[in-house]
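Residue-level structural notes
Residues per chain, in single letters:
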Amino acid sequence: MQLTFIMPMYWILDVSGEEEYNEVEVWAVSEEGERVIIKDEFYPEFFIRSGNFEEDVKIIRTLKGVKDVEVVERTFRGRPVKLIRVTTANVRLEDVADEVRKKCNHILDVFQDDVRFSNQYVFKKNIIPSSWTLLDTEKAGYLNGYNLLKLNRLCSIEFEKTVFPELRVLAFDAFFYSLKGSPDPEHSPIISISVMTSENGLMNFSGDEKTLIKSFLDFVKKFDPDVIVGFNSNRKIIPFLVERSRKLGLTFNIGRLDGEPRGSVYGHQSIRGRLNIDLYDLVEESPEIKLETLEEFSQFMNLPIKYDTIEEYELAELWSKDKTRVIEYLGQRVKGIFEIYKLVDEYIFSLSQLTCMPSDYVMAASTGFRVENYLSKLAVERGEVIPSRKEVVHISYPGGIVRSPTPGLHKNIVVLDFRSMYPSLMIKYNISFDTIDPEGPISIPNSTIRFSEREGFLPHALKRLLEERKRIRERLNMLPRDSPERIVLDARQKAVKVISNAIYGYTGWAGARWYTREIAEVTAALGRETILKAMGKAEELKLKIVYGDTDSIFIKEDDRIKELVNWIEDVLGLEVKVDKVYRTVLFTEAKKKYAGLKDDGFIEIVGLEAIRGDWSEVAKIAQREVVEAILKMGVDEGVRVARKHIDNLLNQRVPLKQLIIWKQITKSIEEYEATAPHVEVAKKLIEEGWRIKPGDKVGYIIVKGAGRLYTRVKPYFKVESDEIDWNYYIEKQVLPVCLRILEVFGIKESDLKPSKDLTAFFQ
DNA sequence: TATAGGCACGAAGCCAGCGTTGT
DNA sequence: ACAACGCTGGCTTCGTGCCT
C-alpha cells in the first residue's frame, strides 16, 4: 500500500562516496532551500563469468572484502549469461577483483570492476543527479553546520518539476605574479583573487598573500556557494591555489567539509559539497570559439561585457605600474564568468540528468564518456552487464560521401538535409552490437552483415532519445518565449541531441566499452547508399545538384524538390527537411568550402580560411571582404577589395595584431617529427620559462630573413614593427586566400599585384 | 579519461637534375 | 676533368583545422 504522507523533495546536487567505508555522500537542496548531506550505505558489486561456477564461488567466498556471492542471470551484448555476482564491503572493488583473478582458476571474464563507486550507486538506486527527488530520510545529526540525514528509502523522481532550484553561485578568477614565463606555485605569488555572486556583486581580494587567501576562504565559507565557477579553474587556477596555500602553510579548504579540492577523473577538481564548474570545458567543445579565451566566449554568448584585456606576458609588469587596471580587468573577467554561467547552467544540469553524472563531472567529461555513461545507466536498467574497457586496435573504415561542387556563383540554392541520418538508419535497420546475427531477417544492401528483429540496445537508446526530444520540443513550443521552463526545456533538448548524435561515432571509437566497428562501418555504408540514392532520384527528376556532403544536398530551387522530398520519405523511409535557402552561394573547386548569402543579407562562410583559426587576421578579413563583395556586388568589387588589402600590406598599414598566426600545440614537443614554425616558437618560449602543454595555442609573426620559415618566426609579443616580413603576408597569406576565391572568376595573381605600371593598379 | 571519417592546404623533407665553383 | 656544393622543381609526409 502506498503511504500518502508528504515526503520532502530534494534536488540532487552531487553524489560522491568513500568506497572503502561503503558510504555514499549525497549533497542536496530541499524545496525550502536548505542544504543537506544525505548519507547512505552501499555495497558495490562486480560480475564474473566462470568455467566452473561451483569451484570459483567457493574460493571467492573465502576472500577478504567479499560480502556476498550469488549466481545471477544477466545479458552480455544481448545474450543471456550466467554470472557470479560478487558484492564487496570495506575494500576497493578493484582490489577484490584482482584477488579473484589471482585465486580463481576458471575465470573467463570480469565485468564492472572498473565502474566507479558513485556510478554504481547512481545506476543501481536509480538516482538522477540534478533532478528533484522524493526522499524518505531520517535525521542523523549535524556536520559542519549542515543537517545530516540518513537515507531510508528513495521514493521517486519528480520528472514534472523541471525548473531548477535557486543555487548560490560564486564566480572567481585569480592572477599570479611571474615576471618571466608561466607562474609556478613554488615561486610566483598570488596577486589578486576576484569573486562575483548575485548577492554580493563584485569583490576583490588583494594585498598580503596569506591574508588574501584567508579572506577569500572566509568569504567562501560565509557565502556558502553551491556552485563555484571559473575559467581554466580545473587545470590551472585551483591546483595553483592549493599548492601555493600549502607553501604558505595554509590549507585551501573551500569545500563544505574540511579538506582541499581533490584531483579527480577527467582532470576535474572535486570540491566537497559544491559543484566546481570550469567554463573552459564548454569552450573546448564549442568549435565556433577558436582562440578559446574568455573574451571570445563572452562575445560568442552575445554578452555586452567590455574587456581591457591584459595578456599573460604583460601582467606582471603592469601590476607594478598600474594595480587598479589589473584588478579592473580581473573584475571584468569574473563578471564575464558569472554571466556566462547564468546562460549555460540549464544545459549543464540537463546533460547531468541525462547521463546521470553529477553536473561538474559531466562538464569535465568528453563526449565519448558522456555517451558511455548514458548507455551504462540504460544497461543496468535492462539487466545488461557493462563490458570492461579493453585496449583494441582500430582499423578505420569508409565514411560519408562528399560530392565535388560545381564551382562558381549559384542563385537560389536549397539545402536539403536528412534529419539525424545515422541515428535514423540505426533505428531503421535495428543496428546494434546485440542484434548482429548471421541468420537474422534484416539484411543490409551490399553487405553480408545481418541483424535480428528483436529491438537492439542502441536502437532502443536512440528511440528513447528521439522521442524525448520530440516530447520536449512539443512542450516547449507551448510556452512563452522567455519563460524559465522553456529555457530549461530548450537546454534539455540540446543535451539530448548531443548524446543521440554521438552514438554512431561512439560505436566506432576504439576506447569505448561497447566499441563495435562493424556497427559504425555498416551505418556509414548505409549513409552513403542513402545519399547516393537521393542524388540519383534528384537527377532523375532533372534537378540540378550543386554540391553534397554526407547527409546534405544542395539543389537549384525547383518545384520538383517537393517530389524528391516525398520520394525520400516514402521510398527510403527517412525524414528530410529544407535546412536553408541561399539567395546566392559561391563554390570553388574545393569540397567543404563555400560561402552563401541568405535572404536576410547574412553571409555564411563555411570551411574557408576566413573562419579558420590558423590564418592571420589580415588574411581572414581580406577573404571575408572579397567574398562579401562578390556575393553582394560582383567580381570587380572583389578585385578592388583584394587590391586594397595588398596595398595596405605594401604600405605597412596593418596593425601588428592582425599579423599574428595562432596554431595549437597538439602533442608534447619531443613527439614532433617535422620542424614546424609554431613548434619552433613553442620551443623558444619553453626555454624562457613558459609552460606549454598540448592544447595550448602559440601566436607568432613571420619576420624578415632568409631560409626556412621556421627560422623566421617570433612570438608575437616580441616582434618590433621593423622586423615584420610584409612580403610574406602578401605572398603567403592575403594573396592566396583572395585568389582562391577570385580564381573561380578568371582573376589571376597578376591582376591583384601592382604591376610596373602603377597607374593601372591604382585606377 | 580521443565520438567517426573526409578534405584542403601550407611547410618540411627528400631526391633527382643541373649549373656553378674550387681544386 | 671532376668532385663538392647549392639551387630548383616535383613529389610525399607532417601538421592543423575545418565539415557533416
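Structure shown above.
Here we summarise the structure given alongside this text. (Residues numbered from 1 in each chain as written. Chains lettered and ligands numbered in written order. Predicted model: local features only at pLDDT ≥ 70, side-chain atom pairs only at ≥ 80, totals over all residues. Heavy atoms only, no water.)

Here's the deal with the packing of aromatic side chains
Let me state the cut-off plainly: For Phe, Tyr and Trp, rings pair up if their centres lie within 6.5 Å, where Trp contributes its six-membered ring, and each pair is then called stacked (planes under 30 degrees apart), edge-to-face (over 60) or tilted (otherwise). In DSSP terms, a helix is any run of H or I states spanning at least four residues, a strand is any run of E spanning at least two, and both are numbered starting from the N terminus. The cut-offs for exposure are 20% and 50% of the maximum accessible area for each residue type, with area from a 1.4 Å probe on protein chains only; residues under the lower value are buried, those over the upper are exposed, and the others partly exposed.
In total, this model carries 36 aromatic pairs according to the counting rule given. Geometrically, the ring pair formed by Trp 11 and Phe 164 is edge-to-face, given 5.9 Å between the ring centres and 75° between the ring planes. Separated by 153 residues along the polypeptide, Trp 11 in strand β1 (residues 9–18) and Phe 164 in the loop between β9 (146–157) and β10 (169–176) bring together distant segments of the chain. Residue class for Trp 11 comes out buried when judged on its relative accessible area of 0%.

Comments concerning the pairing of strand β23 (residues 576–587)
Counted only if it meets this: Any two strands with at least two DSSP-identified bridges between them are counted as paired.
Taken together, the ten bridges between strand β18 (residues 408–418) and β23 define a ladder with antiparallel strand orientation. If you follow Leu 416 over to β23, its bridge partner there is Val 578. The pairing of β23 with strand β24 (residues 594–598) spans five bridges and is antiparallel. Across the sheet, the residue bridging to Leu 586 is Ala 595, located in β24.

Focus: the sheet that holds strand β28 (residues 713–715)
Where we set the bar: In this analysis, axes come from line fits to C-alpha atoms, helices being fitted only over the stretch in contact, and the angle between any two N-to-C directions falls in the range 0 to 180 degrees. We call two residues contacting when some pair of their heavy atoms lies within 4.5 Å.
One open sheet accounts for three strands, arranged β26-β27-β28; its pairing is antiparallel. Since the sheet does not close on itself, it has two edges, and those belong to β26 (661–664) and β28, each with one partner. Strand after strand, the sheet turns through a mean of 45° between neighbouring axes, direction not considered. Sheet contacts for helix α19 (residues 677–687): β26, β27 (697–702) and β28; angle to β28, the most-contacted strand, approximately 45°. Across the sheet, helix α20 (residues 726–742) lies against β26 and β27, angled at about 120° from β27, the strand it touches most.

Quick notes on the protein's contact with DNA strand C
Here is the rule we go by: Near is defined per residue: the residue qualifies when any heavy atom it owns lies within 4 Å of the molecule or strand. Counting of polar contacts relies on pairs of N or O atoms within 3.5 Å, with two restrictions inside protein: one atom must be capable of donating a hydrogen and the other of accepting it, and residues adjacent in sequence are counted only when both atoms are side-chain atoms. We call Asp, Glu, Lys and Arg charged. Ala, Val, Leu, Ile, Met, Phe, Trp, Tyr, Cys and Pro are nonpolar, and the rest, Gly among them, are polar.
Among the 20 residues in the neighbourhood of DNA strand C, the closest are listed as Asp 551, Arg 612, Thr 666, Tyr 672 and His 678. Here DNA strand C approaches the protein such that, of its atoms within 4 Å, sugar and phosphate make up 90%. Interatomic distance of 3.1 Å between a side-chain N/O atom of Gln 664 and a phosphate oxygen of DNA strand C. A per-class count over the surface near DNA strand C returns five nonpolar, six polar and nine charged.

Notes on helix α17 (residues 617–632)
Applicable threshold: By this rule the span expected of a helix is its residue count minus one, scaled by 1.5 Å.
The end-to-end C-alpha distance of α17 is 22 Å, a good match for the 22 Å that 16 residues give at a rise of 1.5 Å each. Val 618, Ala 619, Lys 620, Ala 622, Gln 623, Val 626, Val 627, Ala 629, Ile 630 and Leu 631 are the residues of α17 that are buried. The inward-facing, buried residues of α17 contact β18, β23, β24, β25 (603–606), α18 (635–650) and α20. Where α17 terminates, the next one or two residues include Gly 634, which has phi positive at roughly 140°.

Observations regarding unusual backbone geometry
With a phi close to 65°, Asn 302 is a non-glycine residue in the positive phi region. Positionally, Asn 302 belongs in the loop between α7 (294–300) and α8 (312–321). For Asn 302, a relative accessible area of 69% gives the class exposed. Positive phi is not limited to glycine here, since Thr 550 has a value of about 65°. Judged by relative accessible area, Thr 550 falls into the partly exposed class, the value being 21%.

Brief notes about the protein's contact with DNA strand B
The environment of DNA strand B is made up of 30 residues, and the closest members are Val 265, Phe 369, Gly 399, Thr 675 and Tyr 728. Put simply, 79% of the atoms of DNA strand B that lie within 4 Å of the protein are in sugar or phosphate. Separating a phosphate oxygen of DNA strand B from a side-chain N or O atom of Thr 675 is a distance of 2.7 Å. Elements represented by at least two residues in the surface near DNA strand B include exactly α11 (367–382), α14 (484–507) and α20. Counted by class, the surface near DNA strand B contains 13 nonpolar, ten polar and seven charged residues.

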